[in-house]
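# Survey of secondary and tertiary structure
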Amino acid sequence: MHHVSLKPFPDNFLWGAASAAYQVEGAFDTDGKGLSVWDVFVREPGRTFEGSNGDVAVDHYHRMEEDVALMAEMGLTAYRFSVSWPRVLPQGRGQANEAGLAFYDRLIDALLARGIEPVLTLYHWDMPQALQDEYGGWEDRRVIDDFGDYCALLFRRYGDRVKTWVSLNEQNYNLSNAYLLATHPPALADRKRFYAANHIAFLANARAIMLFRQLVPDGRIGPSFAYSPAYPASCAPADLLAFDNAEEFTNHWWLDTYCYGRYPQVALAWLREQGEAPDILPGDMAALAAAKPDFIGLNYYYTLTYTDNPPDGVGLQRINTTGQKGSTPSSGVPGLYRTTPNPQLETSNWDWAIDPTGLRIALRRLTSRYALPVLITENGLGEFDRLEDGDQVHDVYRIDYLRRHLAACQEAISDGAALLGFCAWSFTDILSWLNGYQKRYGFVYINRDETDARDLRRVRKDSFFWYQRVIASGGRER
Ligand code: BG6
């Protein structure tokens, strides 16, 4: 679709950047915080790149004011962050930790004082270890009540000031890693348990949305979905089927359920045949259908290209966590699909395809299929950065990536997408869960590496000044 002229970004467009508690806060056992599953998991040998962990992370817990001042200098109009569940409820439920709640009060107030809209994520993967130990976290329906109580606590506490909320961050990616790939806690590889836990997480997401309707009636809420639009490797019908399988099993399985309370029927039939479908109790699907989100949070990094995979074909494989280009193997589900490199696309050093048109395609598919507004809750480039003399970081590759993805946003807006905002991933450099600190995403460089926290100095990268200009011009100057 070609447009003679493109529509501008709307005046109230949110120009944002994002983070997540475990990846930035540090202070993992400070001021009464309980442990999350990640605090424990990273201590197991071999789980993360060079044993990196978020004990200190980028020390945002202690440097929050400095970070918010940098956001204001940059001109952000939105900042997406997550609350650490065990920081505010050390045991996952019961007694709240006032010091933890007060930290987020201070953050929210600091943002509002600078005219930056807080976008609060309720869950970015840090399940309280206490609940994991007690009943297996997402694997037990008791988590629905506990998650609901935790969310209600935050709705009551912050709902007067925070109006834009994200429920679960990347339920699809997190639980796939946790229950299929064994790369996130609790590190299992069991498809039956995966679909069961995922079903319960849907119900918890729905509970949060229903509570939100009562407690923050003037706010808006939606899940953030890790959307990698599928492409077929060729026009061979077998590749089209593989592509179709991938869309059903890796995308519609979540998106249809969030938006319509309905699992894709062909995928459900296949899982039933395998004996791996989730147990759906009476009332479950009605509960899901009743909790339609206000918007879809879109985390977009890359597209994936699929080809046919026979019943004895390749299974799921671990991704590249070293930055050694070309080390990602083909990965798939035997009988359904497997990935194959797309020869049309460049990749990052972590083998993630760089595909701005894929973002436009994602926005168009979401718009036509679900008729909901979209908030881009993550998009960015993880790369090696070099700190040069005079505290300079010339991250031209990141500027190029973001520039092209913003152009795709404008095209999608012109196609009819109701795009609420763009939260780049990430504001400062962060701990990349499995990739350590060397896979950097920020506009602000943090002077630390995997094992040495150094001075944690904040350094504005070239992309910082670039995004500042983009925001000041309402997206016209890129
Ligand atoms: C998303 C997550 O999966 O992508 C972020 O929500 C994460 O927390 C980001 O950091 C980039 O992924 P990675 O693995 O490169 O850190």
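Here we summarise the structure given alongside this text. Quantities reported herein were computed from a predicted structural model and do not represent experimental measurements.

### Overview of the packing of helix α10 (residues 237–260) against helix α13 (residues 356–370)
- Contact geometry of α10 with α13 gives a least axis separation of 12 Å together with a crossing angle of 55 degrees. Between α10 and α13, the angle is such that the two are oblique. Viewed along their axes, α10 and α13 form a crossing whose handedness is right-handed. Within the contact between the two elements, α10 uses Phe243, Glu247, His252, Leu255, Asp256, Cys259 and Tyr260 and α13 uses Arg365, Leu366, Arg369 and Tyr370.
- For the contact of α10 with α13, a count of residues per class yields six nonpolar, one polar and four charged.

### So, the site of the ligand
- Around the ligand, a shell composed of 16 residues is seen, among which Gln23, Glu170, Ser432, Lys439 and Tyr441 lie nearest.
- Note that an oxygen atom of the ligand is positioned 2.5 Å from one of the side-chain N or O atoms of Ser432.
- A distance of 2.7 Å separates an oxygen atom of the ligand from a polar side-chain atom of Lys439.
- In the complex, 97% of the free accessible area of the ligand, which totals 380 Å², lies under the protein chains.
- Looking at the shell around the ligand residue by residue, the classes come out as seven nonpolar, six polar and three charged.

### Some thoughts on the pattern of salt bridges
- Scanning all chains against the criterion turns up 39 salt bridges.
- The closest approach of N and O atoms between Asp145 and Arg207, which form a salt bridge, is 2.7 Å. On the criterion of sequence distance, the pair formed by Asp145 in helix α7 (residues 142–158) and Arg207 in helix α9 (residues 191–215) is long-range, its members being 62 residues apart.
- Note that Arg191 and Glu276 form a salt bridge whose closest N and O atoms lie 2.7 Å from each other. Taken as a pair, Arg191 in helix α9 and Glu276 in the loop between α11 (265–274) and α12 (284–290) lie far apart in primary sequence, 85 residues in all.
- Classification of Arg191 as partly exposed rests on a relative accessible area of 24%.
- Connected through salt bridges with shared partners, the residues Glu98, Asp105, Asp109, Arg157, Asp160 and Arg161 form a single ionic network.

Cut-offs used in this document
Each chain carries its own residue numbering, running from 1 in the written order of its sequence. The predicted origin of the model limits local features to residues at a pLDDT of at least 70 and limits the giving and counting of side-chain atom pairs to 80 or more, whereas totals for whole chains, interfaces and linings rest on all residues. Hydrogens are left out, water is left out, and the side-chain values use all remaining heavy atoms of the structure. An axis is simply a line fitted to the C-alpha atoms; with a helix, the fit covers only the stretch in contact. Between two such axes, the angle follows the N-to-C directions and lies from 0 to 180 degrees. Going along the chain from the N terminus, every DSSP run of H or I of four or more residues is numbered as a helix, and every run of E of two or more is numbered as a strand. Roughly parallel here means an angle under 35 degrees, roughly antiparallel means over 145, roughly perpendicular means 65 to 115, and every remaining angle is called oblique. Each helix crossing is assigned a hand: it is left-handed if the near helix lies turned anticlockwise from the far helix by less than a right angle, otherwise right-handed if that turn is clockwise. In this description, contact between two residues means that some pair of their heavy atoms is separated by no more than 4.5 Å. Note on residue categories: nonpolar means Ala, Val, Leu, Ile, Met, Phe, Trp, Tyr, Cys or Pro, charged means Asp, Glu, Lys or Arg, and polar means any other residue, Gly included. Put simply, a residue is near a molecule or strand once any heavy atom of it comes within 4 Å of that molecule or strand. We define a polar contact as two N or O atoms separated by no more than 3.5 Å, with the added condition that, inside protein, one atom must be a possible hydrogen donor and the other a possible acceptor, whereas residues neighbouring each other in sequence contribute only through side-chain atom pairs. For the area figures, the Shrake-Rupley method with a 1.4 Å probe applies, and any residue is considered shielded solely by the protein chains shown. Counted as salt bridges are all cases of a side-chain nitrogen of Lys or Arg within 4 Å of a carboxyl oxygen of Asp or Glu. When a residue's accessible area, from a 1.4 Å probe over protein chains only, is under 20% of the maximum for its type it is buried; when over 50% it is exposed; and in between it is partly exposed.

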